[in-house]
Structures are given as C-alpha cells and as structure tokens.
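Given next are the chains, with one letter for each unit.
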Amino acid sequence: MGGVGAMMYLWKSNKLGKIWLDGDGMRRIVSLQLPGGYVCQEVSFVGDMDTINVFIGFPEGESQEKLDRIGRLLESRFKRSGIKVSIHWVERTKEVECSSPPLWRTPIVWAAGVSTLVALAQLGFKGITKTVIAGCLSYGVAWLALTDDGRKLLNSVIKEVKKGR
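The rules behind each value
- Residues numbered from 1 in each chain as written.
- Predicted model: local features only at pLDDT ≥ 70, side-chain atom pairs only at ≥ 80, totals over all residues.
- Heavy atoms only, no water.
- Helix = DSSP H or I, 4+ residues; strand = E, 2+ residues; numbered from the N terminus.
- Core = buried A, V, L, I, M, F, W, Y, C linked by side-chain atoms within 4.5 Å.
- Buried < 20%, exposed > 50% of the residue type's maximum accessible area, 1.4 Å probe, protein only.
- Contact = heavy atoms within 4.5 Å.
- Phe/Tyr/Trp six-rings, centres within 6.5 Å; stacked < 30°, edge-to-face > 60°.
- Polar contact = N/O pair within 3.5 Å; in protein donor to acceptor, adjacent residues only side chain to side chain.
- Expected span 1.5 Å × (residues − 1).
- Bend = angle between axes of the 7 residues up to and from the residue.
- Axes fitted to C-alpha atoms, helices over the stretch in contact; angles between N-to-C directions.
- Parallel < 35°, antiparallel > 145°, perpendicular 65-115°, else oblique.
- Left-handed = near helix turned anticlockwise from the far one by under 90°.
- Nonpolar A, V, L, I, M, F, W, Y, C, P; charged D, E, K, R; others polar.
- Pairing = 2+ DSSP bridges.
- Salt bridge = Lys/Arg side-chain N within 4 Å of Asp/Glu carboxyl O.

> Just give me the short version of the environment of Ala111, but keep the residues and values in it.
Along the polypeptide, Ala111 turns up in helix H3 (residues 107-146). A sequence separation of 58 residues divides Ala111 from Asn53, and the C-alpha atoms of the two residues are 45 Å apart.

See the structure below:
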C-alpha cells in the first residue's frame, strides 16, 4: 500500500473493488492551493463521512476574511469529487531568529575532529578507508530498502533487468 510513513485511506468499496486515497497526495493537493506563508501540516480522511480533515498553519495576524476565502477555495476543489472539507486552522507565530554559535564552538565538530585523529592513529589510512567504504555501502543499502525513492529506483532497475532477459 504505500511507503514508510505513507497513509492510505479507504474511501469507497463496491463489488468492483475499493477506492483508496493517498494521504500524501491529498496533502500535496491542498498545499498547491495555499498562498505563501501557509502550510498544510496534516491531512486525514474519514471515509464513512466523506470528509477530509485539513490542518493548516497560517501566519500570525491573518484576517478571518482571508481564512474564509481559502476555506471556500479548498471546499470547491474537493466538492467535485464528493468530499467535504473540515479545516482546522493553526496560527503560527513569527519565529525568533536564533543565532547559532560558530561551527568551531559546537561540541559535535570537536567530537568528530578528535574521533578522526584517533581513528587515523589506531586504524591507519587503510583501515579508515575500509570503514568509510563499509559505511557508504551500508547507507546505500539502507537508503534502497527504507526510502520511497530508493524502492522506486530498485523497482525500475529490476524491471529493466527483467526486460533484458
């Protein structure tokens, strides 16, 4: 049914089969209708009520008139397919810029630097090279197995190999 984290919602069933809706696809449809500064945070679907619940973050201080206009637009987009829209507005406050310390003042940089020196002293160049290769290979295999893009790539390669037979 979908990849990791993908949510599929059952909408209708009949003697010909079932109609499923992709939560990520619905979120993309909603996102394309929103003006800048608005974010579709989450979408859920209640199939027996033919209702999509949409959680939209909007900039602080927006007028109710603008929210209503966006709500009517979304309702009209989904109405054609027989889906009702229930919008849940979430006001987002302006984020305060936090100044991050310079890179050399972060503990992770020091830990990585010291670890690299110790690894070089203990493993030598050849040992570090083998370790980096093993890490890259394990990352690649995990990416292929765990991500949607990786599985799509793997499936397309398998199809090409089968065509070549």
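On we go from here.
> So, the nonpolar core: which residues are in play, and what are the values?
Core analysis: the biggest nonpolar cluster contains 21 residues, and Val30, Leu34, Phe45, Ile52 and Ile56 have the highest contact counts within it. Put simply, the parts of the chain that give this core at least two residues each are strand S1 (8-14), helix H1 (23-33), strand S3 (39-46), strand S4 (51-59), helix H2 (64-79) and strand S5 (84-92). Those residues in contact with Leu34 that lie beyond four places of it in its chain are Val39, Cys40, Ile56, Ile70 and Leu74.

> Describe the environment of Gln41, listing the residues and the values that go with them.
Along the chain, Gln41 falls in strand S3. Using a relative accessible area of 36% as the deciding quantity, one classes Gln41 as partly exposed. Residues Gln41 and Trp89, spaced 48 residues apart in sequence, show a C-alpha to C-alpha distance of 9.9 Å. Every residue in contact with Gln41, bar those within four places of it in the chain, is listed here: Arg27, Phe55, Gly57, Val90 and Arg92.

> Quick one: what's the story with the packing of aromatic side chains, residue by residue and with numbers?
In this structure the tally under the stated criterion is four aromatic pairs. An aromatic cluster is present here, built from Tyr38, Phe58 and Trp89 joined pairwise through their rings.

> Tell me about the side chain of Asp50, and please be specific about residues and values.
As for its placement among the helices and strands, Asp50 is situated in the loop between S3 and S4. A polar atom in the side chain of Asp50 sits 2.9 Å from the side chain of Trp11. The contacts of Asp50, once residues within four sequence positions are left out, are Trp11, Lys12, Phe45, Gly82, Ile83 and Lys84.

> Would you mind going over H3 in detail, with residue names and values included?
With 40 residues, H3 ought to run about 58 Å at 1.5 Å a step, yet its terminal C-alpha atoms sit only 30 Å apart, falling short of that. Of all the bends in H3, the greatest measures close to 105 degrees and is centred on Gly124.

> So what's going on with the packing of H1 against H2? Residues and values would help.
When two helices pack together, their arrangement is given by the angle between the helix axes and by the axis-to-axis distance. Close contact between H1 and H2 brings their axes to 10 Å; oriented N to C, the two are set at 135 degrees. Looking at the two axes, H1 sits oblique to H2. Seen along the crossing, H1 lies across H2 with a hand that is right-handed. Contacts from Ile29, Val30 and Gln33 of H1 reach H2 at Leu73, Leu74, Arg77 and Phe78. In terms of residue class, the contact of H1 with H2 is built from five nonpolar, one polar and one charged.

> Give a detailed account of the sheet that holds S5, specifying residues and quantitative values.
Adjacent strands of a sheet form backbone hydrogen bonds with each other and so pair up, either parallel or antiparallel. Strand order in this open sheet of three strands is S3-S4-S5, and the pairing throughout is mixed. Whereas interior strands pair on both sides, the edge strands pair on one side only; in this sheet they are S3 and S5. Strand-to-strand twist in this sheet, taken as the mean axis angle between neighbours without regard to direction, amounts to 20 degrees. Examined bridge by bridge, S3 and S4 share seven bridges and lie antiparallel to one another.

> How would you sum up the pattern of salt bridges? Please name residues and give values.
For the coordinates displayed, the defined rule picks out seven salt bridges. Between Asp50 and Lys12 there is a salt bridge whose closest N-O contact spans 3.4 Å. Of this pair, Asp50 sits in the loop between S3 and S4 while Lys12 sits in strand S1, and the two are 38 residues apart along the sequence. The partly exposed category is assigned to Lys12, whose relative accessible area is 36%. With a closest N to O distance of 3.6 Å, Arg27 and Glu42 form a salt bridge. Separated by 15 residues along the polypeptide, Arg27 in helix H1 and Glu42 in strand S3 bring together distant segments of the chain. Residue Glu42 is classed as partly exposed on the basis of its relative accessible area of 39%. Counted as one network, the salt bridges with shared partners bring together Asp24, Arg27 and Glu42.

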